[in-house]
Amino acid sequence: MVSAYTQEHLYHHPWDRVTTAAWRKFTDPDTAAVLSHNVDVHTLDRRLDPNSGCLQAVRSITVRSPPLPFLLRRILGQDAVVCHCVESTVVDARGRSIEIVVRNVSLRGLLEVEERSTYRPHPDRPDGWTAFRQETSIRCKPLSALATVAEKVEQRCAERFQKNSVKGREVVERIYKYLEAETAAAISC
């Protein structure tokens, strides 16, 4: 099942200022207190397309999850997990737009998240306002998650069955010896 939502926001500021602020979001020293779930951000690649004039950038973003539900904490043995994401950005300065796509690259066996954001001048006031739109889809992969949990449960059960099997064989051996001794005693009488 996919959970999806869209958020829109109107910045009462010009596109060039809003997008400059958006670029500095992760490097601002005061951001750490507000976006405390962001652990690390690195620019992996950036290039300027000479034909279109578009800047293309790729960044890695490492985030810490919120506290996990009890069951997941018990399974994983930790309160939170670290997730690695890749952000791909295209800045079209001539067309005055930024398109950003963020996808998680870790934990994809449990959860797939994709976030698409755009910054464009607002059609009513293109020189003064900026329209921001963010579309997010979250897909929990329950069968994969259950398969992983099932595999762990099966592994633990198999270990327990193997230990119990050894004990069971020892009991059978003991009873066999008892019966042998009983039979030998009955024959000798």
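In case you missed it, the structure is sitting above this.
Presented here is a report on the structure given in the accompanying data block. This is a predicted model, so every value here is computed, not measured.

**Regarding the overall build of the protein chain**
1) Next: Per the secondary structure count, the protein chain includes four helices and seven strands.
2) Next: Helices and strands appear in the protein chain in the N-to-C order β-α-α-β-β-α-β-β-β-β-α.
3) Next: Burial statistics for the protein chain: of 189 residues in total, 21% are counted as buried.
4) Next: Look at the contacts in the protein chain between residues 6 or more apart in sequence, and 48% of them connect residues 24 or more apart.
5) Next: Put simply, the protein chain shows about 13,800 Å² of open surface, and 57% of that area lies on carbon and sulfur atoms.

**Here we look at the pairing of strand β3 (residues 55-64)**
1) Next: In this sheet, β3 lies alongside strand β2 (residues 38-48) in antiparallel orientation, the contact comprising nine bridges. Counterpart to T43 in the pairing with β3 is R59.
2) Next: Between β2 and the antiparallel strand that follows it, β3, lie six residues; G53 among them carries a positive phi value of about 80°.

Conventions and cut-offs
- Each chain carries its own residue numbering, running from 1 in the written order of its sequence.
- Note on the predicted model: pLDDT of at least 70 is required for a residue's local features to be given, and 80 or more for side-chain atom pairs to be given and counted; whole-chain, interface and lining totals, by contrast, use all residues.
- Think of the side-chain values as coming from all heavy atoms in the structure, minus any hydrogens and water.
- Segments assigned H or I by DSSP are reported as helices when at least four residues long, segments assigned E as strands when at least two residues long, and all are numbered from the N terminus.
- The classification of residues rests on relative accessible area computed with a 1.4 Å probe and restricted to protein chains. Under 20% of the type maximum is buried, over 50% is exposed, and intermediate values are partly exposed.
- Any two residues whose heavy atoms approach within 4.5 Å at even a single point are treated as in contact.
- In short, Shrake-Rupley with a 1.4 Å probe defines the accessible areas, and a residue's cover is counted only from the protein chains shown.
- Any two strands with at least two DSSP bridges between them are considered paired.

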